[in-house]
Number of protein chains: 2
Amino acid sequence: MLDHIDLAHTISKQEYKARLPDLQMRLYAIERAVQQAGVPVLILFEGWAGTSKIGAISALTRRLDPRGLRVHPITPPRTFEQQYPWLYRFWLKIPSYGQIALFDRSWYREVLAERTHEDSTPEMWRQRCEDIVTFERQLADDGTLIQKFWLHISREEQERRFEELQSDPLTAWQVTDEDRWQNRHYKRVRVAVEDMLTRTDTPHARWIVLPATDRRALHLTIAETIERALDARLDNIANAQEQIHDAQQNGHADNSVPPLSSGMAQLPVPSILNQVNLSYTLEKEEYSKKLKKLQAKLYLLGLEVYRQQRPVVLLFEGWDAAGKGGAIQRITTRLDPRAYVVHTIAAPTGEDRLHHYLYRFWRRLPARGQIGIFDRSWYGRVLVERVEGFARTNEWQRAYAEINEFERDLIDFGMVVCKFWMHISPDEQLRRFEERQTVEYKKWKLTDEDWRNREKWADYEQAADEMLVRTSTPAAPWTIVEAENKRFGRIKVLQTVVQRLEDELGRVEL
Amino acid sequence: MLDHIDLAHTISKQEYKARLPDLQMRLYAIERAVQQAGVPVLILFEGWAGTSKIGAISALTRRLDPRGLRVHPITPPRTFEQQYPWLYRFWLKIPSYGQIALFDRSWYREVLAERTHEDSTPEMWRQRCEDIVTFERQLADDGTLIQKFWLHISREEQERRFEELQSDPLTAWQVTDEDRWQNRHYKRVRVAVEDMLTRTDTPHARWIVLPATDRRALHLTIAETIERALDARLDNIANAQEQIHDAQQNGHADNSVPPLSSGMAQLPVPSILNQVNLSYTLEKEEYSKKLKKLQAKLYLLGLEVYRQQRPVVLLFEGWDAAGKGGAIQRITTRLDPRAYVVHTIAAPTGEDRLHHYLYRFWRRLPARGQIGIFDRSWYGRVLVERVEGFARTNEWQRAYAEINEFERDLIDFGMVVCKFWMHISPDEQLRRFEERQTVEYKKWKLTDEDWRNREKWADYEQAADEMLVRTSTPAAPWTIVEAENKRFGRIKVLQTVVQRLEDELGRVEL
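Residues numbered from 1 in each chain as written. Chains lettered and ligands numbered in written order. Predicted model: local features only at pLDDT ≥ 70, side-chain atom pairs only at ≥ 80, totals over all residues. Heavy atoms only, no water.

### Here we look at the overall build of chain A
Scanning chain A for helices and strands turns up 19 helices and ten strands. Expected size for 510 residues packed as a compact globule is a radius of gyration near 24 Å; at 25 Å, chain A falls within 12% of this value. Across its three principal axes, chain A shows a C-alpha extent of roughly 70 × 70 × 50 Å. Here chain A displays about 22,500 Å² of accessible surface, and carbon together with sulfur accounts for 49% of that area. If the 74 positive side-chain charges of chain A are averaged to one point and the 76 negative ones to another, these points end up 4 Å apart. (Helix = DSSP H or I, 4+ residues; strand = E, 2+ residues; numbered from the N terminus. Rg over C-alpha atoms; globule rule 2.2 N^0.38 Å. Areas by Shrake-Rupley, 256 points an atom, 1.4 Å probe, with all protein chains shown as cover. Lys, Arg positive; Asp, Glu negative; His and termini not counted. Charge placed at Lys NZ, Arg CZ, Asp CG, Glu CD.)

Written out as C-alpha cells, the structure reads:
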C-alpha cells in the first residue's frame, strides 16, 4: 500500500491559514454531535519515525473541546501490563460511547517492533495481525468508528529530518537509537509495514495512507478525512432512525435495526496516475534488440516454470487502447504454446454470471507449471463494476479485502503473481481511437463502449488510484507501465516479468 | 459444542409418517421461491462415520425438484485437484444464484483428516480454519445462505452401527479401515472436531449439531431447520425490497440496499437442561469429609497458581438461588485471601455502561498468578441481555463468536478457564425463594427481579441451552452442576476445579 504514493504534494501557508480555522470550527460542531449520538470514535496514528504524529494530533485537537476526547500515547508495555494478554492494555483504552480516542501509536507499534527485530515467527506475525482484525471488528460491530492513518515519508526525507533534529541540542534527544535503526533498515521495515497494512485493511477499519512530507497538506487532509467520516456516520444514524420510525409508522415494527455501515465516506485517494511520467520513449532499434533478448529469456523461464511446477499469473489492467493486447502478444510470441493460457475477461456470461464474482477466476486459475495470462481480471470489481454501478458500494468496498485474501491464497500456494496497469494519457487514447477508426484492420477493436468509458475518465482514474493503493502488496505488487510510447511500455512489461520470474525461479543465461 | 447433546431423543414411526410428507411439500414450494429470488443455498453435512449423511440428504431431496439442486459427494482430492490451492475444488462447486447445493462431506473433511492423522502443525490447523472462515464469509457476503450440520453419535453407537453393517455381506464394504480407525480414536477425533466446530461457528455460517441416533428425528429436524432458514431469508428479502420501495416513494432513493441478515431463523436448540438428572444427593457426613479434603487441596493449588504464575478464571452462571454464592464461598474459604478476587456482575454502571460489553471483563481479568472468580459474567450477553431484549438479535447472535474469540485469547495466554452452570428445578427455586422470604438473614437475597425472571423460565432455559452448545470448547468447557441438592452441587464444583487445576498445574498431595 505504500507504492505509488505521491510524496511531493504541498500546500501553501496562505491556503493552510485560509482553510484550517474553518475546518476546526466544523470539527468542533461535529464533536458535540458525536457526543450526543453516543458514537465511540477511535483514531490512530502510525507512521515512520520522524513524521511527528503528535504534531498531527495537535493540529486536530487544538480547537476541540478537551472533555470529549482523550489522547493515548502508546509506549512499549510496562511490567504490569505484561501480566495480561497483549491486547489487554488497549481494551482499557477504547473510547466510551460518545468519546473520541486519539492514539499516538497503537497496537501496531508492538507488532511491528516484534517483526522488524525478528523476534517473531511468521506464524506469530500472522496471528498478531488476526488478533488485531478481530479486536477492531469487535469494536466496529459495537458501533465504533475507526480511522487508521499511516504517515508516509521516504527514507531520504526521514534522514533529512533526523539530521535537522540532531543539529539543534533542544531537539536532538528526540531522535532515538531505534529511530536511526529504522532509517538504516528502511527497506526491510517497509516490507513489514506494507504486509501489516494489507493484512489489517478491512472494510470496518480501513487504512488511510497519507504522504507526510508537507505538514500543512497532511494536517488538512487528516482533518478533512475525519470530518467526512464523522459526517457520514451521523447521517447514517439519522437515516437509520428515520427508517425505523417509518417502519413503525407503517405498522410492521421491525426489531432488527438496520446495521450501521462503517460510516466511511469516500476515503482520500492519493493521486497516483496523474503523477506518472509519460514522456519515456524507446527507439526502434534499441527496442528490437531488447525485445529479442527478453523474449529469449522468457522462453527459458517458461521451461523453468514447467520444470519447477510453479503456477504463474500475469494480469493486465489499464485504459482502453493502452496496449494490453500488444504487451500480451509480445510475451507469448516465443513461449511454448502449451505453457500458457490467455483469458480475455469481459462482462460475465452463463455460469459465471450466476456465481460469486471470484468464481470465474477460481475456475480459470493456472495449474502448477502453467502461466495464466489475464487480459482484465478480478479487478473489474473495483473498476468497471464500481464506476458503472454494477456493484453496490458495500460490495466494491469489501472487494479490496476479498481480493487481497484471494491473492494471498494464491501466493501461499506458491503462485507468482504479476499485475500491470497500462497507462496512457487521455490525448494519446483519443489519437489511438481515431487511428482505429481509420485503419481497416484495427476497426474491430473500437466499440461504442470505449467512447462511453472515455467520458468517465475521472471516475475510472479515481477507482484505479484507490485500487493501486489498496491492493499493492509486497507479494503481489502493481507495476504501473508508462505506455504512452508503445515500445517503452512493452519492454517494461517484459523486463518486469523476466525480473520477477528470475527472482522466483533463479537466473537464466542465454 | 458436542457436550451435553441429548443422544436419546427419538420419534415414533407414526409421527414421522404423519409429519414428513407435509414438510416435503413445503420444502418443494420453498425451493421454487428460492430459485425465483436467486438465493444461492449451501447446505453441508458432516459428522461421525456411520451417521449416514447420504441418508439424511435423500430424505431431504426425495420430493424436491432435482433441477433446482445439486448433490456434491466429497472424496479426498484427486491428483489434478492437487495442482491448485486447496479450496479450488470447492469454489468450483459453490451454488449458483437460485441453486441449492448439498454437500455430503465438504472442506471440513480434508482439514479434519489432516489433523487427526497428525499431518498438520497447530499453525496449519489454525490457518485452515481461517481459510474456511474467510471462504464462507465471502460466500455469505455475496448472499449465500449457508447451513452446516454436524451429525453426532456416541462412540458406542458408532461401534454398534459398524457391527450391524459388517454382519451383512451386502453392507460390510461400507465400513472402511478409516472408519474403524476413527472409532478406536473417537476421543482424540472428538477434541479435534469440537475445536473445529467452535473455530468455524460464525454468525454468517453457524453450525447445527444434531443427535443422529434416531434417524427419523434427525431427518425431521434437518428438514424443519432448513425450511425455517429459507423462510426467514425469503421474508428478509421481501422486507428489504419493501423498505427500498418505501424509501423510493418517500423521495430519498437510497443507493445502499440494507444488507440481508444471515437469514437465520432460530436454530434448533437441543434440550440440554431438561435432561439433567437432578436426583443426586450427598449425605452430610460424606459431604463434610469430602469438602475438607478438597479445600485442603485447593489451598495447595492456590499456592501453585501463584508459584507457576498462571492466571485462573472460575465463572458461575445459573438460576437465581441455584447456589452460586454458596459454591464460591466454599472455594474461597481456605484460599489465601490475596490469591483471588470475586467479581459480582450485575447490570453495568458508570464506565462499564459506556463501553463495549467485553470492556468490563477485560478490565477485571486476573493477572498472572491470580484467581478471578466471576459470579455471573460475560455470558450475560446471551442470557439476560438476550431474554430481556437489552441486546438486539444480531448483537447476541454475534456474541457467541465474540465470546469464543475472547476466551481463546485468554487460553492462548495461559489462562485456566472453568465455567459452571448451576442447575436446579423450578420447584426447588420456588422452595428456596419462599425460604428466603421467611428466614430473616436471607431476606436480602431475594428481589422483585428474581420473581420476574422466574416467570421467564422457558426463555432463559432456551438461551442457556444455546449458550451451553455454542460456547463449550475443549479448552473452556461448561460444567453443568446438578445443584438441586446443595451439598452435591458444591462438591461437584470443588471437584471440578481441583481436577482442572491438577490437570494444568500438576497433582498435589495432601
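### Some details on the relation of the copies chain A and chain B
Once turned by 180° and shifted 0.0 Å along the axis, chain A lies on chain B with an RMSD of 0.1 Å. The superposition of one copy onto the other is thereby described by a two-fold rotation axis. Most of the interface of chain A is mirrored in chain B, where 100% of its interface residues are also at the interface. (Least-squares fit on C-alpha atoms with pLDDT ≥ 70 in both. Contact = heavy atoms within 4.5 Å.)

### What to know about helix α19 (residues 486-505) of chain B
All names here are of chain B. Helix length check: α19, at 20 residues, gives a terminal C-alpha distance of 28 Å against a target of 28 Å (1.5 Å per residue), a fit within 8%. You can read the cap of α19 off the contacts: a side-chain oxygen lies 3.1 Å from the backbone nitrogen of arginine 487, and it is on asparagine 485. Where α19 terminates, the next one or two residues include glycine 506, which has phi positive at roughly 105°. (Expected span 1.5 Å × (residues − 1). Polar contact = N/O pair within 3.5 Å; in protein donor to acceptor, adjacent residues only side chain to side chain.)

### So, the nonpolar core
Residues A:Trp107 and B:Trp107 are the most contacted members of the largest nonpolar core, which totals 295 residues. Excluding anything up to four places from it in sequence, B:Trp107 contacts B:Leu42, B:Leu44, B:Trp86, B:Leu87, B:Phe90, B:Ile132, B:Phe135 and B:Glu136. (Core = buried A, V, L, I, M, F, W, Y, C linked by side-chain atoms within 4.5 Å. Buried < 20%, exposed > 50% of the residue type's maximum accessible area, 1.4 Å probe, protein only.)

### So, unusual backbone geometry
All names here are of chain A. A positive phi angle, near 50°, is found at serine 52, a position not held by glycine. With respect to the helices and strands, the residue serine 52 is situated in the loop between β1 (41-47) and α2 (53-61). One non-glycine residue, alanine 321, lies in positive phi territory at about 70°.

### Overview of the pairing of strand β6 (residues 312-318) of chain B
Residues and elements named next belong to chain B. Counting buried positions over the seven residues of β6 gives seven, a clear majority of the element. Burial along β6 is two-sided: the residues Val312, Leu314, Phe316 and Gly318 and Val313, Leu315 and Glu317 are all buried. The pairing of β6 with strand β8 (residues 371-375) spans five bridges and is classified as parallel. When the bridges of β8 are listed, leucine 315 appears paired with phenylalanine 374. Both β6 and strand β9 (residues 416-423) contribute to a ladder of seven bridges, which runs parallel. (Pairing = 2+ DSSP bridges.)

### So, the environment of A:Gln397
Residues and elements named next belong to chain A. Following the sequence through the fold, glutamine 397 ends up in helix α15 (residues 393-412). Residue classification places glutamine 397 among the buried residues on the basis of a relative accessible area of 13%. For glutamine 397 and methionine 467, which are 70 residues apart along the polypeptide, the C-alpha to C-alpha distance reads 10 Å.

### As for the interface of chain A and chain B
The interface of chain A with chain B comprises 55 residues on the first partner and 55 residues on the second. Together, the buried faces of chain A and chain B total about 5,000 Å²; carbon and sulfur atoms form 53% of this surface. Of all residues in chain A, A:Trp91, A:His356 and A:Trp362 give up the largest surface area on contact with chain B, accounting jointly for 13% of the area buried on that side. Connecting chain A to chain B are four salt bridges. (Buried area = accessible area lost by both parts, 1.4 Å probe. Salt bridge = Lys/Arg side-chain N within 4 Å of Asp/Glu carboxyl O.)

### Brief notes about the sheet that holds strand β5 (residues 207-211) of chain A
Residue and element names in this part refer to chain A. Strand order in the open sheet formed by five strands is β2-β3-β1-β4-β5, with parallel pairing between adjacent strands. Edge positions in the sheet fall to β2 (69-73) and β5, since each has one partner strand and no second. Each adjacent strand pair in this sheet contributes to an overall mean axis angle of 20°, direction not counted. Of the strand pairs in this sheet, β2 and strand β3 (residues 100-104) are connected by five bridges, and their pairing is parallel. (Axes fitted to C-alpha atoms, helices over the stretch in contact; angles between N-to-C directions.)

### A closer look at the sheet that holds strand β8 (residues 371-375) of chain A
All names here are of chain A. The five strands are arranged β7-β8-β6-β9-β10 in an open sheet whose pairing can be described as parallel. Strand pairing shows two members of the sheet lacking a second neighbour, β7 (340-344) and β10 (478-482), which therefore form its edges. Neighbour-to-neighbour, the strand axes of the sheet open up by a mean angle of 20°, direction not taken into account. By the bridge criterion, five bridges tie β7 to β8 in an arrangement that is parallel.

### Details of the packing of helix α11 (residues 324-332) of chain B against α19(B)
Residues and elements named next belong to chain B. Axis separation between α11 and α19 bottoms out at 9 Å; the angle between their running directions is 50°. What the angle tells us is that α11 and α19 run oblique. Remark: the crossing between α11 and α19 carries right-handed chirality. Seen from α11, the contacting residues are Gly326, Ala327, Arg330 and Ile331; seen from α19, they are Arg490, Val493, Leu494 and Val497. Taken together, the residues that form the contact of α11 with α19 break down as five nonpolar, one polar and two charged. (Parallel < 35°, antiparallel > 145°, perpendicular 65-115°, else oblique. Left-handed = near helix turned anticlockwise from the far one by under 90°. Nonpolar A, V, L, I, M, F, W, Y, C, P; charged D, E, K, R; others polar.)

### Re the pattern of salt bridges
By the definition in use, this model includes 90 salt bridges over all chains. Ionic pairing is found between B:Arg310 and B:Glu504, a salt bridge with its closest N-O pair at 2.7 Å. Here B:Glu504 lies in helix α19 and B:Arg310 lies in the loop between α10 (284-307) and β6, a separation of 194 residues in the sequence. Classification of B:Arg310 by relative accessible area gives buried; the value is 19%. Given the relative accessible area of 34%, B:Glu504 is considered partly exposed. Ionic pairing is found between B:Arg364 and B:Asp352, a salt bridge with its closest N-O pair at 3.0 Å. Taken together, the residues B:Arg364 in the loop between α13 (359-363) and β8 and B:Asp352 in helix α12 (residues 350-353) connect sequence positions twelve residues apart. Residues joined by salt bridges that share partners form a network here, namely A:Arg137, A:Asp141, B:Arg398, B:Glu402 and B:Glu405.

From the geometry alone we can't say anything about function, so treat these as descriptive.
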